[in-house]
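# An overview of the molecular structure
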Amino acid sequence: MIVLGYNGFSRGAELFGRLYGATGVGRNLLVGHDAAAALVIDGEVVAAVEEERLSRVKKTSDFPAHAITWCLNSAGVDLDQVDVFAFPWRFSSAVAEEMISGICDSDLPVAAKFDALRSTGELYTGMLSPDAVYQDFVERTGHELDPNKLALVPHHLAHLMCGAYLAGGGDAAFLVSDGRAETLSSVMGELRNGVVRQFDESAVPMTSSLGVAFGRITRYLGFVPNNDEYKVMGLAAYGPPPRHNPLLERVVRLHENGSYTISVPRDIPAYYALFDELFGGDSEKREQFDFRVKVAGLAQHMVEAVTAHQVRALTAASGLDTLLFEGGLALNCVANTKMLERSPFTGMEVSFGASDPGVAIGAAVYAAGLRNRPADAVTTPYLGPSYDEGQVQDALAEYADRVEWQEEPDAASIADRTAELLAGKNVVGWFQGRTEFGPRALGNRSILANPAFPDIKDIINLRVKHREPFRPFAPVILESEAPRVFSMGKKTSSPYMTFVFPVRKEYQERIPGACHVDGTARAQTVNERQNPALARLLRAFTARTDVPCLLNTSFNVAGEPIVCSPRDALECFLATEIDYLVIDRFVITKKGS
Ligand SMILES: [Fe+2]
C-alpha cells in the first residue's frame, strides 16, 4: 500500500495576508506552515522532505509541489500508483459550524461579527474546506484525483501518529499541544494496541491556546511569533526562576481535569497593554535586556506550569509508563525535561517531527494503519534528498572559479581530515547523505566547530549565523559518551535535540562553546547505526583532542532554510566565513583564502 502525506495550502499566504493583515513571514505562520510531503510504502516511511528545503522559502505554507514530486521520484512512484493521499487537517462542516458559532457567541460588536463571518467564510470556502483542499490538489498536480482517495486526518491526530510511529508504536499516554488545530489547541489521552482514546474533558479550545499565548509574549519581546519561541526559552535561562508569576495569577486558570483557560486579548495593542501592566513594562523597557529576561522567564515558567498541570492529570487518568509529547509546544526542550523528570513517567519521547513538519508523516502513517509497521523497521530522520558523487562534482565544477577542493580516498580519511580541521579552530560546513527531516540539523546538514574554545560561539555568530548573542549552541555527542558529560536523568539518549541536560560540573569548562549560561545543553546523541559518518567523525575528533563532543548548528544563515543541495551548501559557504566545506569526500575551500 502506498500513501502520500502532504501539508500545505496554495492560497494560505495570500488569504491570511489579505483577510487578516498578516505580513512577511507571518503570512505563512497561521495554518499550513512547515509544508511538507512524506511517502509511506508498505507501512514504512521511505521519503519525507519539507517544502522549504526545495523551494527555499522558509517555513512556507504553500502547497508542497516540490516535496511531493521529490518523494514520488525518489521511490519511482507515479501519482496513479498512490492508494491514499493523506492531508493533516479536517475542516468538516461540523468544524465550520463551530467556527460560525464561535464568532456569533463572541462579545464582538455586531459589525465586527459580520466582518469576521465574511473573512472566515472566504477562508473556509477558498482554502480550508474539503472541497477547497481537493481542488487545490488537482490544480497544483494536474492529477484527476479520485475523491475517495483523499483522507482528511484531524490535525492533532496527525501529530500524535507521527510521534507514535517514530517512537516505535507501543502503548503510551499522549499530550499534543500547539498553536491551533481545527478547533482545539491541546488534547491528551492514551494509545493502547494502536487504538487512540482521547480524554475529551481535558481538551483545550483554540481560544485558550498556550502556544498562541506564548507566541504573543514572543511578539511583545520583539520576536516573530510562532517562529522565535525558542529564543524566549533561551533568554529565560539568564534569570532566576520567578518567585511569583502574574501570568499564572491573572491570565491562566487551571482546571481540575487537566484543561485550562488562558485569557490574552487577540488585538495587538490590547495584549501589549495587558503585558505592560502585568510586567511593569513600557516601550523603553521592552528594549532592555534585564526586562526581556524577566518576561521570558515568566513566559517559560507559564509553559512549564501549564504542561506540568496537564501531565499530572494525564498520569492520574492513564496508568501507562511512557509519555508521547508532540505539537509545536514540544519543541520547548527545557519544559520537556522538567515534564519527564518531575512526573512518574519512566520514558518520554518527542519526535524529530514534533512541530508541524511532522503532520505530513503523521497523516500518512495514520492512513496507512500504524499497526502495519514492520517489526524490524529502523527509525531515522534522514529521509530527504541525497546527492551522488556525480551531482556533487557537477556542483563543484559550476563554482570552480570561486572554490577549490581536495578529495579524500574514503570515509575514514574524511573523518580524520575533518577532525584535524575542527581541532584547529576552523568552522566546518558538514554535508553528508540524506537531508534530515524537521527543524533541527541532526548532523547531515550541519555547521560544526570545536566547543572547547570559549570564543567559538562569538566566532560563529559573527562570521556565519549573525544571530542574537544570547542564544546557545548545542553539542552532538556519541550516545555511549553522553552520560559521562551530561546528567541524563531518566533519558539514555536524545537523538533529536528535544531535551536539555545539565552539563556535569567537570565538563562545563571543557566545552564552554556548547554550554548555555545556566550550565545546560540541548545535546544530540548519536550512535553508529543512526549516523555512521557523524559517529566516525566524533570518534576521530575525540581521539585527537580529548574533547567529547562537537558544537552542532544548522547549516544556514538566519532567516534561510537549512541547505539541502550541494549548490545550496556552496552558496551558503561563499556568503559566510565558514572556513571549510566538507561534502561527502570533498574538502572545499574558498579560492584565495
Ligand atoms: Fe500543529
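Keep in mind it's a predicted model, so treat the numbers as computed, not measured.

As a further point, take the coordination of the iron ion. Looking at the metal site, the iron ion is ligated by His-155 (NE2), His-159 (NE2), Asp-178 (OD) and Asp-356 (OD), spaced 2.1 to 2.2 Å from it. For the iron ion, the four donor atoms in the first shell make angles of 82 to 162 degrees at the metal, a pattern classed as irregular. Coordination of the iron ion draws on donor residues from a single chain, spaced H-x3-H-x18-D-x177-D in sequence. Here Asp-178 lies in the loop between strand S6 (172-177) and strand S7 (184-192) and His-159 lies in helix H7 (residues 155-166), a separation of 19 residues in the sequence. Assessed through its relative accessible area of 0%, His-159 is described here as buried. For Asp-178, a relative accessible area of 3% corresponds to the buried category.

Turning our eyes to something else, we now look at unusual backbone geometry. One non-glycine residue with positive phi stands out, namely Asp-34, at about 60 degrees. Of note, Asp-34 is situated in the loop between helix H1 (12-20) and strand S2 (36-41).

Next up on the list: the pairing of strand S22 (residues 580-583). Side-chain alternation along S22 places Tyr-580 and Val-582 on one buried face and Leu-581 and Ile-583 on a second face that is also buried. Note: strand S15 (residues 428-431) against S22, four bridges, orientation parallel. Bridging from a neighbouring strand, Phe-431 pairs with Ile-583 of S22. Here S22 pairs with strand S23 (residues 586-590) via three bridges, running antiparallel. By the bridge assignment for S23, Leu-581 is matched with Ile-588.

Moving on, we come to the nonpolar core. Core analysis: the biggest nonpolar cluster contains 86 residues, and Leu-247, Phe-275, Phe-279 and Phe-486 have the highest contact counts within it. Looking at this core, the element that brings in the most residues is helix H12 (residues 289-317), giving eleven residues. Both domains that meet at this core, namely domain 2 (172-347) and domain 3 (389-590), each give it at least three residues. Those residues in contact with Phe-486 that lie beyond four places of it in its chain are Pro-475, Ile-477, Phe-501, Pro-502, Val-503, Arg-504, Ile-511, Ala-521 and Ala-523.

So, about the sheet that holds strand S3 (residues 44-50). Taken in spatial order, the five strands line up as S3-S2-S1-S4-S5 in an open sheet, and their pairing is mixed. In this open sheet, the two strands that pair with only one neighbour each are S3 and strand S5 (150-152). In this sheet, neighbouring strand axes are inclined to one another by 20 degrees on average, regardless of whether the strands run parallel or antiparallel. Bridge count for S2 against S3 is six bridges, and the pairing is antiparallel. Bridged to Val-40 within S3 is Val-45. Helix H14 (residues 358-368) contacts strand S1 (2-7), S2, S3 and strand S4 (84-87) of the sheet and is inclined by roughly 150 degrees relative to S1.

Turning next to the side chain of Asn-552. With respect to the helices and strands, Asn-552 occurs in strand S21 (residues 549-554). Among the polar contacts made by the side chain of Asn-552, one reaches the main-chain carbonyl oxygen of Ala-441 at a distance of 3.3 Å. A distance of 3.0 Å separates a polar atom in the side chain of Asn-552 from a polar atom in the side chain of Gln-524. Residues in contact with Asn-552, not counting those within four places in the same chain, are Ala-441, Leu-442, Gly-443, Ser-446, Ile-447, Leu-448, Ala-474, Val-476, Met-497 and Gln-524.

By the definition in use, this model includes 21 aromatic pairs. Pairing Phe-63 with Phe-137 gives two aromatic rings, centres 6.0 Å apart and planes at 70 degrees, and the pair type is edge-to-face. Of this pair, Phe-63 sits in the loop between helix H2 (51-55) and helix H3 (65-75) while Phe-137 is found in helix H6 (residues 130-141), placing the two residues 74 residues apart along the sequence. With respect to class, Phe-63 is no different from Phe-137; both count as buried. By way of ring pairs, the aromatic residues Tyr-6, Phe-9, Phe-63, Phe-85, Phe-87, Trp-89, Phe-91 and Phe-137 are connected into one cluster. The side chain of Arg-445 reaches across the aromatic face of Phe-431, ending 3.7 Å from its centre. When the ring centre of Phe-573 is taken as origin, the NZ or CZ atom of Lys-590, which lies over that ring, is 4.4 Å away.

What counts, and where the lines are drawn
Residues numbered from 1 in each chain as written. Predicted model: local features only at pLDDT ≥ 70, side-chain atom pairs only at ≥ 80, totals over all residues. Heavy atoms only, no water. Donors = N, O, S within 2.8 Å, 3.2 Å for Na, K, Ca; no water. Tetrahedral: all angles 85-135°; square planar, octahedral: opposite > 155°, others 65-115°. Helix = DSSP H or I, 4+ residues; strand = E, 2+ residues; numbered from the N terminus. Buried < 20%, exposed > 50% of the residue type's maximum accessible area, 1.4 Å probe, protein only. Pairing = 2+ DSSP bridges. Core = buried A, V, L, I, M, F, W, Y, C linked by side-chain atoms within 4.5 Å. Domains from an automatic or database assignment. Contact = heavy atoms within 4.5 Å. Axes fitted to C-alpha atoms, helices over the stretch in contact; angles between N-to-C directions. Polar contact = N/O pair within 3.5 Å; in protein donor to acceptor, adjacent residues only side chain to side chain. Phe/Tyr/Trp six-rings, centres within 6.5 Å; stacked < 30°, edge-to-face > 60°. Lys NZ or Arg CZ within 6 Å of the ring centre and 35° of its normal.

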